[in-house]
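The chain contents come next:
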Amino acid sequence: MTELTGRALRLTVFVGEDDTWHHRPVYSELVVRAREAGMAGATVLRGMESYGRRSLVHTSRLVSLSNDLPVMVVIVDEESKVRRFLVDVQELVSAGLVTVEPVEVVRYVGSPPDDTGRA
């Protein structure tokens, strides 16, 4: 069972949903590598609207502009684990934004795996 409390870091990676790494979505590869690295967990959130460096608005409201919507991968874990994982992030993210912020984990208790090994 995974437990995490107290001081930690939140790693947030902003990429486009069309960004790929070896024909696989970058956000998916980040989740796979986070799991392999033993991170406490990873969550992928899809945005509805955004603009970035080129000031081009991407929105889910207009079909013609709904390509490459923003995706955030959020990971919270101990500082040392997040810092080590940044090597993978640097390899995978060629365009986007990566932030690291200190957080206080009030409660996080992972559930024990079931008979299939899934939590």
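What comes next is a walk through the structure. (Residues numbered from 1 in each chain as written. Predicted model: local features only at pLDDT ≥ 70, side-chain atom pairs only at ≥ 80, totals over all residues. Heavy atoms only, no water.)

What about helix α1 (residues 26–36)?
Within the span of α1, buried status applies to V26, E29, L30, R33 and A34. Buried residues of α1, seen end-on, are gathered within an arc of 135° and therefore sit on one face of the element. The elements touched by buried residues of α1 are β1 (6–16), β2 (20–21), β3 (24–25), β7 (70–77) and α2 (79–92). (Buried < 20%, exposed > 50% of the residue type's maximum accessible area, 1.4 Å probe, protein only. Helix = DSSP H or I, 4+ residues; strand = E, 2+ residues; numbered from the N terminus. Arc of directions from axis to C-beta. Contact = heavy atoms within 4.5 Å.)

Let's talk about the environment of D18
Here D18 is to be found in the loop between β1 and β2. Each C-alpha atom of the pair D18 and V71 lies 9.3 Å from the other, and the pair is 53 residues apart in sequence.

Regarding the nonpolar core
Ranked by size, the top nonpolar core spans 17 residues in total, and within it L11, V13, L30, I75, F85 and V89 carry the most contacts. For this core, the secondary-structure elements that each account for two or more residues are β1, α1, β7 and α2. If one sorts the elements of this core by residue count, α2 sits on top with five residues. Ignoring any residue separated from it by four or fewer positions in sequence, one finds L11 in contact with V73, V74, I75, V82, F85, L86, V89, V98, T99 and V100. Of all hydrophobic cores here, the second largest spans five residues; its members include A8, A40, V103 and V105. (Core = buried A, V, L, I, M, F, W, Y, C linked by side-chain atoms within 4.5 Å.)

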